[in-house]
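# An overview of the molecular structure
Chain by chain, the residues run as shown.
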Amino acid sequence: MTSAVWLPAGDTGLLLDFCGFASAATDVLPDDDVRLAALRQARSLSACLAEMKEAGEIDGITDLVPGMTSLLIHYDPLLTSAQHLKTQISLLMSSQKNAPSSSGRRWHLPVLYGSDVGPDLEEVARRTGLSPAEVITRHLANELEVAIMGFLPGSGYLTGVDASLSLPRRSAPRTHVPQGSVGIAMGQTTIYPLDSPGGWNLIGKMPVPLFDPARAEPIMFRPGDRVKFFQIDEAEFTRLKQATEGGAMPLSPEMTGQR
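The present account deals with the structure reproduced in this document. (Residues numbered from 1 in each chain as written. Predicted model: local features only at pLDDT ≥ 70, side-chain atom pairs only at ≥ 80, totals over all residues. Heavy atoms only, no water.)

## A short note on unusual backbone geometry
The condition that has to hold: Only DSSP runs of H or I reaching four residues or more are called helices, and only runs of E reaching two or more are called strands; each is numbered from the N terminus.
Note that the residue after Gly150, namely Phe151, is joined by a cis bond; omega there is 0°. In this fold, Phe151 is placed in the loop between β6 (144-149) and β7 (156-159). With phi around 55°, Ser115 is a residue other than glycine that occupies positive phi space. Counting through the fold element by element, Ser115 comes out in the loop between β5 (103-113) and α4 (121-128). Backbone geometry at Met186 places phi at a positive 55°, although glycine is not the residue there. Mapped onto the elements of the fold, Met186 is located in the loop between β9 (181-185) and β10 (188-191).

Set out below in structure tokens:
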């Protein structure tokens, strides 16, 4: 892997980019294997630092934000300095201290593809040289990983989409994308947790909200969760949608053990 580099992030932040200056200076993501290794390194280091902060073993850190290839570290300049944090964290990485182990979760998520809920399915098929049925088959084929969270409450960026479905975002974003819409872009999939503007290529819809403040756990995803989609018809979509009323949660994750 490319050597990690430190970059300033304002006067109270440090960005540790695990893919070097090229990743930080461009909008082009590195190859999947490199990006995935960087993502897991950022997540592992973030978990280590969070544990150390909780135990009082490191001072001054106010927030940790793992990114697709980096870790953003916010700090209180009255309690520590950028140089001191760099030294501490560099020693931590060189010692290869392991992050706390955690149980993984796997979600099996239903999707209704095409028609009004997937208005870009035909266009995605045309641009990829596949039939609409082949697009669906390839979207269902891989188990995906929730890489990072954002840009809305509950929104997750899912990596691992079949390479044949890698397309840029739409040149003209929509001003309104319905909650639950499933989109693909840049080799990733996302599910819109709320009605919002958006520029991803919409191929289907998921009936269970990713974010529902009425639920005991309002946000469904956590970084590192695994996701496998399966296809449903309109009747099943309606049934599952109705089953979410009042904050009910008709789906539950499968635990995958220590990862």
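## A look at the nonpolar core
To keep it simple, the criterion reads: Among the buried residues, those of types Ala, Val, Leu, Ile, Met, Phe, Trp, Tyr and Cys that are joined through side-chain atoms within 4.5 Å form a nonpolar core. The buried label applies to any residue whose accessible area, calculated with a 1.4 Å probe on protein chains only, is under 20% of its type's maximum; exposed applies above 50%, and partly exposed to all values in between. The contact criterion used throughout is that any non-hydrogen atoms of two residues lie within 4.5 Å.
Counting residues in each nonpolar core, the largest one holds 29 residues, and the members touching the most others are Leu109, Ile191, Met206, Met220, Phe221, Val227 and Phe229. Looking at this core, the elements with two or more residues in it are β5, α4, α5 (132-141), β6, β9 and β13 (226-231). If you tally residues by element for this core, the top one is β5, at four residues. Not counting chain neighbours up to four residues away, the residues in contact with Met206 comprise Leu109, Pro110, Val111, Gly180, Val182, Ile191, Met220 and Phe237. The next biggest cluster of nonpolar side chains, apart from the first, holds 20 residues, and it includes Ala38, Leu45, Cys48 and Leu64.

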